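These are the residues of each chain, in order.
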Amino acid sequence: MSLLDLLDRADRTGTTASPAPRGRGRRPGDLTTGAGIGLGIGVLWLSLLVLLPVAAIVAGAFQDGFAGFWASITDDEALSTITFTVGAAALVTVVNAVMGTLIAWVLVRDRFPGQRVLEVVIDIPFALPTIVAGLVLITLYGPSGPFGVNLVGTRAGVVLALLFVTLPFVVRSVQPVLIDADREVEQAAASLGASGFTIFRRVILPTVTPAVVSGAALSFARALGEFGSVILISANLIGETQVSSSYILKMIESQEPVAAASVATLLLLVAVVVLVLLDVLQRRTARRD
Amino acid sequence: MTDTLARPAAPAPQPAPPARVRRARRRTGPVAWVLRVVALLYVLGLVALPVASVVQHTFADGLAPVLEVLTSEDFLAAARLTAQVAGIAVVLNTVFGVGMGILLVRYRFPGRRLLSAVIDLPVSISPVVVGVALILVYGTTGWFGPALQDAGVRVIFSVPGMVMATVLVSLPLVLREIVPTLEEAGIEQEQAAQSLGANAWQRFWRVTLPTIRWAVAYGVVLSLARSLGEFGAVRVVSGSVAGESQTLTLFVNDSYQEFGPDAQRAAFAAAFVLMAVAVVLIVVIAALRPREETS
Amino acid sequence: MTHDSGGASGIEVRGVTRRFGDFVALDDVDLDVRPGGLTALLGPSGGGKSTLLRIIAGLDYPDAGTVRIAGRDATFLPPQRRSVGFVFQHYAAFKHLTTARNVAFGLEIRRRPRDEVRARVAELLRLVHLEQFADRLPSQLSGGQRQRMALARALAVQPEVLLLDEPFGALDAQVRKELRDWLRRLHDEVHVTTLFVTHDQEEALEVADEIVVINQGRIEQVGSPGELYDRPANPFVMAFLGPTTVLGGELVRPHDVEVLTDARAGAHEARVTKLLRIGHEVRAETRAADGSTPWVQLNRVQVDELGLVEGGTVWLRALVPSPVAGVAAPAPVPA
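On a predicted model such as this, the values are computed, not experimentally measured, just so you know.

**Q** Just checking my understanding: could you explain the overall build of chain B for this structure?
**A** Scanning chain B from terminus to terminus reveals 14 helices and zero strands. When its helices and strands are written in sequence order, chain B yields α-α-α-α-α-α-α-α-α-α-α-α-α-α. Scored against the burial criterion, the 295 residues of chain B give a buried share of 51%. Taking as baseline every contact in chain B between residues at least 6 positions apart, the subset at least 24 positions apart corresponds to 77%.

**Q** Explain the overall build of chain A to me, please; I cannot follow it from the model alone.
**A** Scanning chain A from terminus to terminus reveals 12 helices and zero strands. Ordered by position from N to C terminus, the α and β elements of chain A give α-α-α-α-α-α-α-α-α-α-α-α. For chain A, contacts bridging at least 24 residues in sequence account for 76% of all contacts bridging at least 6.

**Q** Can you walk me through the interface of chain C and chain B in this structure?
**A** When the parts come together, some accessible area is lost, and that loss is often what is quoted as the size of the interface. Tallying the contact residues gives 18 residues for chain C and 15 residues for chain B. Listed by contribution, the elements that provide at least two residues to the side of chain C that touches chain B are β6 (84-87) and α2 (99-109) of chain C. Here the residues of the side of chain C that touches chain B sort into 11 nonpolar, five polar and two charged.

**Q** It is not clear to me how the interface of chain A and chain B should be interpreted in this structure. Could you clarify?
**A** Contact with chain A, which involves 82 residues of that partner, is made by 77 residues of chain B. It is helix α2 (residues 33-61) of chain A that provides the largest number of residues to the side of chain A that touches chain B, a total of 16 residues. Among the residues making up the side of chain A that touches chain B, the classes are represented as 60 nonpolar, 16 polar and six charged.

**Q** What should I look at first to understand the nonpolar core in this one?
**A** The nonpolar side chains of a soluble globular protein tend to be buried with one another. V132 and A270 of chain B are the most contacted members of the largest nonpolar core, which has 171 residues in total. When residues of this core are assigned to their parent elements, the largest contribution, 15 residues, is made by helix α14 (residues 261-294) of chain B. Beyond its immediate stretch of four places on either side in the chain, A270 of chain B contacts V69, F75, L248, F251, V252 and S255 of chain B. Among the nonpolar cores identified, the runner-up in size contains 95 residues, and A40, L155, L163 and L298 of chain C belong to it.

**Q** How should I be thinking about unusual backbone geometry in this particular structure?
**A** Phi is mostly negative for residues that are not glycine, and the peptide bonds are mostly trans. Although it is not a glycine, N236 of chain A sits at a positive phi angle of roughly 55 degrees. On the secondary structure map, N236 of chain A appears in the loop between α10 (228-234) and α11 (244-253). In this model, S83 of chain C sits at a positive phi of 60 degrees, which is unusual for a non-glycine residue.

**Q** I'm lost on helix α4 (residues 143-156) of chain C in this one. Help?
**A** One full turn of an α-helix is made of 3.6 residues, so residues set three or four places apart face in the same direction. All names here are of chain C. For α4, with 14 residues, the first-to-last C-alpha span of 20 Å sits near the 20 Å given by 1.5 Å per residue. Burial runs high along α4: 12 of the 14 residues are buried. Among all positions of α4, only Q145, R146, Q147, R148, M149, A150, L151, A152, R153, A154, L155 and A156 are buried. Tucked inside the fold, the buried residues of α4 contact β6, α2, α3 (114-127), β7 (161-165) and α5 (173-190).

**Q** Explain the sheet that holds strand β2 (residues 23-33) of chain C to me, please; I cannot follow it from the model alone.
**A** Strand pairs in the sheet, formed through backbone hydrogen bonds, run parallel or antiparallel to each other. Residue and element names in this part refer to chain C. Pairing is antiparallel in the open sheet, where four strands are placed in the order β2-β1-β4-β5. Unpaired on one side and paired on the other, β2 and β5 (72-73) mark the two borders of the sheet. Two strands pair when backbone bridges link them, and strand β4 (residues 64-69) and β5 are joined in this way by two bridges, in the antiparallel orientation. Counted as the bridge partner of R68 is D73 from β5. Across the face of the sheet, helix α1 (residues 49-57) comes into contact with β1 (11-20), β2 and β4 while running at roughly 120 degrees to β1.

**Q** Quick question: what am I supposed to make of the environment of H191 of chain C here?
**A** Residues and elements named next belong to chain C. If you trace the backbone, H191 turns up in the loop between α5 and β8 (193-198). Residue H191 is classed as partly exposed on the basis of its 19 C-beta neighbours within 10 Å. Taking C-alpha positions, H191 is 18 Å from G71, a pair spaced 120 residues apart along the chain.

**Q** What am I meant to see in the pairing of β7 of chain C here?
**A** Regular strands show a simple pattern: their side chains alternate between the two faces of the sheet. All names here are of chain C. With five of five residues buried, β7 lies mostly within the body of the structure. Of the two faces of β7, both are covered, the one formed by V161, L163 and D165 as well as the one formed by L162 and L164. Sheet topology places β6 next to β7; four bridges connect them, and they run parallel. Among the inter-strand pairings, V87 is bridged to a residue of β7, identified as L164.

**Q** What's the story with the domain arrangement of chain B in this structure? I'm lost.
**A** Residue and element names in this part refer to chain B. Domain parsing of chain B yields domain 1 (18-58) and domain 2 (62-294). Facing the five residues of domain 1 at the interface are six residues of domain 2. Partitioning the side of domain 1 that touches domain 2 into residue classes produces three nonpolar, two polar and no charged.

**Q** What is the right way to look at the packing of helix α6 (residues 130-141) of chain A against helix α13 (residues 248-258) of chain B in this model?
**A** The relative placement of two packed helices comes down to the angle between their axes together with the axis-to-axis distance. Packing of α6 of chain A against α13 of chain B brings their axes to within 8 Å, and their N-to-C directions diverge by 35 degrees. Across the interface between the two elements, I131, V132 and L135 of chain A from α6 of chain A touch T249, V252, N253 and Y256 of chain B from α13 of chain B. Its residues placed into classes, the contact of α6 of chain A with α13 of chain B shows five nonpolar, two polar and no charged.

**Q** Whenever I open this one, the pairing of β2 of chain C confuses me. Can you help?
**A** Residue and element names in this part refer to chain C. Across seven bridges, the pairing between β1 and β2 is antiparallel. For R18, the partnering residue across the bridge sits in β2 and is L26. Between β1 and the antiparallel strand that follows it, β2, lie two residues; G21 among them carries a positive phi value of about 60 degrees.

**Q** Which parts of the structure should I look at to understand helix α5 (residues 115-127) of chain A?
**A** The end-to-end C-alpha distance of α5 of chain A is 19 Å, a good match for the 18 Å that 13 residues give at a rise of 1.5 Å each. Among the residues making up α5 of chain A, those that are buried are V121, I122, D123, I124, P125, F126 and A127 of chain A.

**Q** I'm lost on the sheet that holds strand β14 (residues 268-278) of chain C in this one. Help?
**A** All names here are of chain C. An order of β13-β17-β14-β15-β16 is seen for the five strands of this open sheet, with the pairing classed as antiparallel. If you trace the sheet from one side to the other, it starts and ends with β13 (257-260) and β16 (295-299), each paired once. In this sheet, adjacent strand axes meet at a mean angle of 45 degrees when their direction is disregarded. In this sheet, β16 lies alongside strand β15 (residues 281-288) in antiparallel orientation, the contact comprising five bridges. Bridge pairing in β16 places R283 opposite Q297.

**Q** Just to check I follow, could you spell out the confidence of the model for chain A for this structure?
**A** Should pLDDT be low for a region, the predicted coordinates there are not to be read in detail. All names here are of chain A. On average, chain A scores 83 in pLDDT, and the residues at 70 or more come to 90%. Put simply, helix α1 (residues 3-13) is where chain A has its lowest mean pLDDT, 37, and helix α4 (residues 76-109) is where it has its highest, 92. Counting interchain partners and residues more than four positions distant, the pLDDT-below-50 stretch residues 1-23 has 38 contacts.

**Q** Got a minute to help me understand the environment of G266 of chain C in this structure?
**A** Residue and element names in this part refer to chain C. By the element assignment, G266 lies in the loop between β13 and β14. Overall, G266 belongs to the exposed group, with 10 C-beta atoms counted inside 10 Å. Separated by 52 residues in sequence, G266 and A318 have C-alpha atoms that sit 8.5 Å apart.

**Q** What is the right way to look at the environment of L175 of chain B in this model?
**A** Residue and element names in this part refer to chain B. The residue L175 is located in helix α9 (residues 173-185) in this model. Taking the C-alpha atoms as reference points, L175 and Y107, 68 residues apart in sequence, are found 15 Å from one another. Among residues more than four places away in sequence, those in contact with L175 are G97, M100, G101 and I119.

**Q** Got a minute to help me understand the packing of α4 of chain A against helix α7 (residues 155-180) of chain A in this structure?
**A** Residue and element names in this part refer to chain A. Between α4 and α7, the shortest axis-to-axis distance is 6 Å and the interhelical angle comes to 40 degrees. Looking at the two axes, α4 sits oblique to α7. For the element pair α4 and α7, the recorded crossing hand is right-handed. In terms of residue class, the contact of α4 with α7 is made up of 21 nonpolar, five polar and one charged.

Cut-offs applied
Residues numbered from 1 in each chain as written. Chains lettered and ligands numbered in written order. Predicted model: local features only at pLDDT ≥ 70, side-chain atom pairs only at ≥ 80, totals over all residues. Helix = DSSP H or I, 4+ residues; strand = E, 2+ residues; numbered from the N terminus. Buried ≥ 20, exposed ≤ 12 C-beta atoms within 10 Å, placed from the backbone. Contact = placed C-beta atoms within 7 Å. Nonpolar A, V, L, I, M, F, W, Y, C, P; charged D, E, K, R; others polar. Core = buried A, V, L, I, M, F, W, Y, C linked by C-beta atoms within 7 Å. Expected span 1.5 Å × (residues − 1). Pairing = 2+ DSSP bridges. Axes fitted to C-alpha atoms, helices over the stretch in contact; angles between N-to-C directions. Domains from an automatic or database assignment. pLDDT = per-residue confidence, 0-100. Parallel < 35°, antiparallel > 145°, perpendicular 65-115°, else oblique. Left-handed = near helix turned anticlockwise from the far one by under 90°.

Listed below in structure tokens is the structure:
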């Protein structure tokens, strides 16, 4: 496509930013009075709802200066909850990257009876309220569970809850990519003498990697901030199974806003980093297409 | 974090070829068998069995005790409050999502990308952090606390705070659904309507809204699922007083924490109700998906 | 037809300039579209023709200049107040409305009585031969049918002018040809001032009463199809409207070249390098003594009579003087 075609298209879709005309005419993409008012209301709403509260968290964390923030996050209890939460989230992310890709593969490339049911079951963790998810896991893996395995109050129990709520992320991110993947490329590789494993490593893996990474990043962020599904099974044992969200709640309820805000700021920072990473990744993938 | 919910997911499996052809073409090899069994066992152990066991556990003593819980005053109050909070939150998010979605797709203005990123932020952070953030601004000792108190408005430990928390955790769900639909539909139908004499209002009602109606419906169902089930953020800002500021998810938690057989039964009965609603919503979403694609 | 041909009205564009960043899409353009005519805006893609059409429609605005429609200043009027019918290349059908409701759209916006709307829609559907498809959704129509529906929809509100942006660009060759004839006949019935954009010179020559050739943001020439073909103002117009070749440094039409088997005054000697048969026609490619490679449009009978063979020597002479004689080297011929 030539530059001129691009400009012509830009002209049609109004994506070329250009200065407003001198008269009263509005080009596609220019804000009308109505749209301007709408945008103003929207931004005000977002400010009250998102920007101010986020600013309050950060301001709260640094209320006593950087020293206060540092003291808060290096406090024994805070440090152990942060280490545990990050570690558990990382573990869950790795398991998800592997199992999520595997499940997506089975859903797309395999055919067997009951596949539709599997599709629906995958979505349950998304739709199920987190507190119910916690209850669900306790029923089976708690003190009165049928298997005699009691994970309540154990780190394994927390990891299990996190695996439950983050199950769909990688599956749903990889699945469409596998569906769109060109089977002919694999067949071409096979015709060139590549073995099944080589095809997987050299053809399929590079195709799905961006989707795996983006799904994994989302599940990491989610696991890091998870609260509802964890509190029942973790029993909230300090220094053992207490996750960061529980710690923040405990601090705010015991009137220690700086401690709460400091750990919250840390979680916020990680979330922002993950979002930026995803944005970069998506841009790069979009360019490759 | 539920934003992946918003992705067009779970495409229906393509129609399978006749059985004989299929068998000849693809014999399930040992590797495929292993993958299939691993995937099934994982999902079965992690999701399917636990969910099934809750149903079994809820009805272990028959229907009567469950009904007793479901007609108890605390439960009904929690259900009413949940419906109220989720209802308001969904309406707010739908209006915001449709309006902001159109602005982001159809207009060019400075800060557009930043705005889009800010909308995604709340669902990417811990719901507890969302709740704490609201307290730091609107709580009695928060930035606006004194001013709100003077005005006699109570936000935190009251319905407005719970609505705000719920709105935040489901903020982009409607928007993220309609943005791709709007982009795909393009601007020409609206321009055609304009050259036929339609003003902005008429274009919105007669052209834009019908174009995105299934995406809006899908986003509304997603927001509803998220709003009904929100726990962490609401837990922080509600105070959770039974019969007063207790939503269904809080009811489940508080009942379970009481550790008596009656309380346990109440927790499971309420959890079952929430689960049933969730499953219904999943089915509605599955039904909406193909329509959205064809419209 | 209820269309009031007496009220037909022209378009007057004065000094219109439109820039996209550093790129000048329209550079001080003046244009008069005469009332009731069928005018083609012809040019290569990116030449500014669509931008001009959209400025007339109010879908874009000029950086400078004015647009008058039916004698009124419309430069900064919003599209809905211009009384302009616009037909898009990709139809812009309202996908959620039936054919009849699509056509009725503008009338419903104007809150016309229901009976009037029904009657008018029926009349228009008859005009565009879609009466059996009134209750179909656009997705159930073919491309050609959708474009006819879009035309009926634009005509329903009795616009002062009808603007069509590459109306047949998205259709396949056969349907395109049919719709061209049909548009010509429709215009003969309706007489609404019509301006359509195309990059296809054949389409412009066949359909329009008047052609406006536009390139690099400037109008190159305005005239009837015959005038433009026979008396192009410059090499660009000549090359854009039909095949050209260079003979002795002059731009000529390959069918206006005489092939001689002996040397005569004013004829250029050339060697036949290739005889390419395309059905009855033969394209004779040659290499002249000055190194240029003129080609000649012949037919089989002529080739046989002249006894042309590849490798043979011929003398070429222009039958008519080059219309752009004296103008320097021709612009590259667009595809």
